[in-house]
Amino acid sequence: MRLLTLTLATAALIAPIASANAAPPVRAGILQCQGGQNVGFVVGSVTSLECVFRSEGRRPEPYIAKVQRIGLDLGVTEQTQLQWAVNAPTSRLGRGELAGSYGGVGANASIGIGGGGNFLVGGPANAYALQPISLQGQTGLNVTAGIAGLELQPFYGNGPRRHARRHHRRG
């Protein structure tokens, strides 16, 4: 399923994204992500990231991301920081609206300190584009190049809310 999503997102990246009648996408905000250690498995890797979507006039919105790569991926990184400009059909997004599957291409390298970039499209109706604002920052020893997939989910705190129950003792 994830490979199919990644393949479709890559096809969407290669094909023309907008039709002649569609409104051009606008900058909706910035998605900043950071994560810990990642180990490459030669032909791919999986990394978990904590993200925050920031948009003018609203509170920062937390997300959890899982990044999967298919292609050359060798080495280990200790820390990773990514920052994307979020382009969307409108500048006003609802809470959790960025959630979904994204796919595209990416490359990076590190010897001590390094960088790279990932261009991704996807989300609801493939209407969103995540464009790197600056180089990905990371520390470690690695080299990667290939297709990248991102699963983005809203983060609602430490888990489901629990309602406290009070027991009354009959006397």
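Our subject is the structure that appears above.
Parameters at a glance
Counting of residues starts from 1 at the beginning of each chain's written sequence and follows it residue by residue. Totals for whole chains, interfaces and linings use all residues, but because this is a predicted model, local features are given only for residues with pLDDT of at least 70 and pairs of side-chain atoms are given and counted only at 80 or more. Side-chain numbers here rest on the full set of heavy atoms in the structure, without hydrogens or water. Segments assigned H or I by DSSP are reported as helices when at least four residues long, segments assigned E as strands when at least two residues long, and all are numbered from the N terminus. Exposure categories follow from relative accessible area, calculated using a 1.4 Å probe and restricted to protein chains: below 20% of the type maximum is buried, above 50% is exposed, and the middle band is partly exposed. Throughout, a contact is declared for two residues whenever any of their heavy atoms are within 4.5 Å. Surface accessibility in these figures is a Shrake-Rupley result with a 1.4 Å probe; residues are shielded only by whichever protein chains are displayed. Between any two strands, pairing holds if DSSP finds at least two bridges. For salt bridges, the criterion is a side-chain nitrogen of Lys or Arg within 4 Å of an Asp or Glu carboxyl oxygen. Throughout, a disulfide means two cysteine sulfur atoms within 2.5 Å of one another.

### A look at the overall build of the protein
- Of the regular secondary structure elements, the protein holds one helix and seven strands.
- The buried share of the protein, reckoned over its 171 residues, is 37%.
- Sequence-distant contacts in the protein: of pairs separated by 6 or more residues, those separated by 24 or more amount to 74%.
- Of the roughly 10500 Å² that the protein leaves accessible, carbon and sulfur atoms contribute 59%.

### Here we look at the pairing of strand β6 (residues 128-132)
- As judged from the four bridges shared by strand β4 (residues 61-88) and β6, these two strands associate in the antiparallel manner. Across the sheet, residue alanine 85 finds its bridge partner in β6, namely glutamine 131.
- Here strand β5 (residues 100-122) runs beside β6; their pairing, made up of three bridges, is antiparallel. Counterpart to glycine 122 in the pairing with β6 is tyrosine 128.

### Thoughts on the pattern of salt bridges
- Scanning all chains against the criterion turns up two salt bridges.
- Across the pair arginine 58 and glutamate 61 runs a salt bridge whose closest N-O atoms are separated by 2.6 Å.
- Classification of glutamate 61 as buried rests on a relative accessible area of 4%.
- Two residues, glutamate 61 and arginine 95, come together in a salt bridge whose shortest N-O distance is 4.0 Å. Placement of glutamate 61 in strand β4 and of arginine 95 in the loop between β4 and β5 is noted, with a sequence separation of 34 residues between them.
- Ionic contacts of the salt-bridge type, sharing partners, join the residues Arg58, Glu61 and Arg95 into one network.

### A closer look at the state of the cysteines
- This model, assessed by the stated rule, comprises one disulfide.
- Across a sulfur-sulfur distance of 2.1 Å, cysteine 33 and cysteine 51 are joined as a disulfide pair. Because the sign of the S-S torsion sets the handedness, a value of about 110° for the bond joining cysteine 33 and cysteine 51 places this disulfide among the right-handed ones. With cysteine 33 in strand β1 (residues 26-35) and cysteine 51 in strand β3 (residues 42-54), this pair connects stretches of sequence that are 18 residues apart. Comparing cysteine 33 with cysteine 51, the two get one shared label, buried.

### Description of the environment of leucine 130
- Relative to the helices and strands, leucine 130 is located in strand β6.
- Taking the C-alpha atoms as reference points, leucine 130 and tryptophan 84, 46 residues apart in sequence, are found 5.4 Å from one another.
- The contact partners of leucine 130, leaving out residues within four places of it in the chain, are Leu31, Trp84, Ala85, Val86, Tyr102, Asn118, Phe119, Leu120 and Leu150.

### Section: unusual backbone geometry
- Even without being glycine, alanine 125 reaches a positive phi, approximately 55°.
- Relative to the helices and strands, alanine 125 resides in the loop between β5 and β6.
- One non-glycine residue, asparagine 126, lies in the positive phi region at around 50°.
- Looking at the element boundaries, asparagine 126 is found in the loop between β5 and β6.

Bear in mind that shape data such as this cannot, by itself, settle questions of function.
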